[in-house]
Amino acid sequence: MPGLNAMRTGLVAAAVTLSFGSLAGAQELKTINFMSANNTSCSAYPQFALQAFGYLEKEGYQLNMLSSDTSVPYVAFLANGDADIAMFDAPETLAAREAGQDVKIVYEAYQFAPEGIIVVEDSPIQSLSELKGKKVGLAEQSDELTTQIALDSVGMKLEDVTTFVVGNTGPVMAKALTDKTIDAFAGGSSDRAAIETFGVKFRNITPDSISRNPGNSFAVWGPTLEEKRPLIRAFLRAWAAGQHAGVLDTKAVVAACREFIPEQFENLANGSKMINYNVFTLQIRRVVNYGELQPRVWSSIQPGYIKAGVLKAEIDPATFLDTSFQKDFADITTDYVQEGIDKWKAAHPDKVID
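Just so you know, these numbers come straight off a predicted model, no measurement behind them.

K.L.:
Help me understand helix α9 (residues 189-197) in this model?
P.N.:
Since the α-helix packs 3.6 residues into each turn, any two residues three or four apart lie on the same face. Residues of α9 that are buried include every one of S189, D191, R192, A193, I195 and E196, and no others. Against the buried residues of α9 lie β5 (116-120), α8 (170-178), β8 (184-187), β9 (202-204) and α13 (268-282). Positive phi appears at G199, one or two residues downstream of α9, with a value of about 80°.

K.L.:
Just to check I follow, could you spell out the sheet that holds strand β4 (residues 103-110) for this structure?
P.N.:
What holds strands together in a sheet is hydrogen bonding between their backbones, with the strands either parallel or antiparallel. A sheet is described by the order of its strands in space; here five strands give the open sequence β2-β1-β3-β10-β4, paired in mixed fashion. Each of the sheet's edge strands pairs with one partner strand only, and the pair in question is β2 (61-66) and β4. Between one strand axis and the next, the sheet turns by 30° as a mean value, whatever way the strands run. Where strand β1 (residues 30-35) meets strand β3 (residues 85-88), two bridges bridge the pair, whose relative direction is parallel. Opposite M35, over in β3, you have A86 as the bridge partner. Packing against the sheet, helix α11 (residues 229-248) makes contact with β1, β2, β3, β4 and β10 (216-221), and its axis sits at approximately 15° to β4.

K.L.:
I keep staring at unusual backbone geometry and nothing clicks. Help me out?
P.N.:
Peptide bonds are, in most cases, trans, and in most cases residues other than glycine have a negative phi. Look at K180: it is not a glycine, yet its phi comes out positive at around 65°. Residue position: K180 is located in the loop between α8 and β8.

K.L.:
When you look at α13 in this model, what are you seeing that I'm missing?
P.N.:
Taking 1.5 Å of rise per residue, the 15 residues of α13 would be expected to cover 21 Å, and the 20 Å separating its terminal C-alpha atoms lies within 8% of that figure. Every buried residue of α13 is listed here: N270, G271, S272, M274, I275, N278, V279 and L282. The inward-facing, buried residues of α13 contact β4, α9, α11 and α12 (250-260). The opening residue of α13 is N267, an N-cap whose side-chain oxygen sits 3.1 Å from the backbone nitrogen of A269.

K.L.:
Can you help me understand the nonpolar core in this one?
P.N.:
Nonpolar side chains in soluble globular proteins tend to be buried together. Ranked by size, the top nonpolar core spans 58 residues in total, and within it F53, Y107, F218, F235, W239 and I275 carry the most contacts. Among the elements that take part in this core, α11 stands out by supplying ten residues, more than any other. The residues contacting W239, other than those within four sequence positions of it, are F34, A44, P46, Q47, L50, M87, Y107, A109, F218 and Q283. Of all hydrophobic cores here, the second largest spans 27 residues; its members include A83, A96, W221 and L293.

K.L.:
Please explain the packing of α12 against α13 as it appears in this structure.
P.N.:
Helix-helix packing is characterised by the crossing angle of the two axes and by the distance between the axes. The contact between α12 and α13 brings their axes to 10 Å, and the two run at 120°. In terms of their interaxial angle, α12 and α13 are classed as oblique. The hand of the α12/α13 crossing is right-handed. On the side of α12, the interface is formed by T250, V253, V254, C257 and R258, while α13 contributes L268, S272, I275, N276, V279 and F280. Of the residues that constitute the contact of α12 with α13, the class distribution is seven nonpolar, three polar and one charged.

What counts and how
Residues numbered from 1 in each chain as written. Predicted model: local features only at pLDDT ≥ 70, side-chain atom pairs only at ≥ 80, totals over all residues. Heavy atoms only, no water. Buried < 20%, exposed > 50% of the residue type's maximum accessible area, 1.4 Å probe, protein only. Helix = DSSP H or I, 4+ residues; strand = E, 2+ residues; numbered from the N terminus. Contact = heavy atoms within 4.5 Å. Pairing = 2+ DSSP bridges. Axes fitted to C-alpha atoms, helices over the stretch in contact; angles between N-to-C directions. Expected span 1.5 Å × (residues − 1). Polar contact = N/O pair within 3.5 Å; in protein donor to acceptor, adjacent residues only side chain to side chain. Core = buried A, V, L, I, M, F, W, Y, C linked by side-chain atoms within 4.5 Å. Parallel < 35°, antiparallel > 145°, perpendicular 65-115°, else oblique. Left-handed = near helix turned anticlockwise from the far one by under 90°. Nonpolar A, V, L, I, M, F, W, Y, C, P; charged D, E, K, R; others polar.

The following block contains the structure:
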């Protein structure tokens with residue numbers, strides 16, 4: 001069931017949808033139940049852009065964002081039908097497949113892993129190899145895997161550093177870095193956004209070779225894929241348009257996201273920096289088409305997971321990558337994306353950022 005954050009997000013989304021008054025007034029919108037990696041953060045900005053700019057409404061749907069604050073594996077929400085689409089990271093996808101769960105990946109939303117290791121801007125540490133004997137704070141225990149794989153890339157072991165969970169709340173993470181409780185921090189993009197909110201400047205020392213990873217992709221339940229194909233198609237088209245809206249007009253995305261999650265923009269400069277990082281680093285496409293699946297990358301990351309003990313053996317990407325939706329984005333043009341942005345600006349002149 002959606003948590004309080006998801007309910008709040010849904011109420012704001014409904015208000016934004018009603019402001020367009022186009023398709024919503026002509027027919028009842030069908031609902032897509034979606035599990036984001038973080039439903040309370042604008043780091044995944046397309047999930048709000050596709051609502052604000054009317055892209056999902058044009059497809060005849062509205063979004064119900066399920067609470068991401070759960071200890072239940074996301075795959076369970078797909079299997080029992082509570083979620084139609086869920087955002088999986090690469091280890092989550094591979095672990096599900098190894099366990100015999102029939103998940104299919106239909107779109108790569110992040111082609112640059114949001115997880116990574118950072119140090120404060122003035123730290124003497126310039127590379128991972130200089131972390132030997134140092135303390136690495138983790139946002140969550142799962143970030144130990146990120147640390148292990150990153151260290152392995154420079155010939156180090158997890159035992160070469162001291163790791164412990166510091167938590168994932170902004171003030172706690174920021175204080176741990178600034179008061180030198182930790183020498184480095186391992187976490188995701190929303191964690192770094194929270195740190196930035198408290199004015200901490202940092203550097204990412206994660207090698208690009210490690211970050212070249214399908215950090216977050218859209219997973220669906222294989223047995224119901226055909227039944228839900230229209231719904232999945234609508235969501236992916238709307239996401240692709242919302243994703244490109246960030247490239248076309250980043251300030252409009254900042255302004256729209258601020259309406260959904262205002263607390264992330266109390267410091268507008270930091271909030272804007274978070275959106276820019278997501279638009280032009282984490283979610284910029286590194287392929288010809290939006291969401292294009294990369295079997296070679298999925299194969300290349302698996303040896304690291306096997307060495308880290310996450311996988312027992314390599315899994316053929318052909319068994320879980322479904323490319324059948326790629327053709328559905330061909331008619332999404334620049335004008336189509338811009339039209340949604342322009343309509344939002346016209347409806348919200350007081351919200352526009354110059």
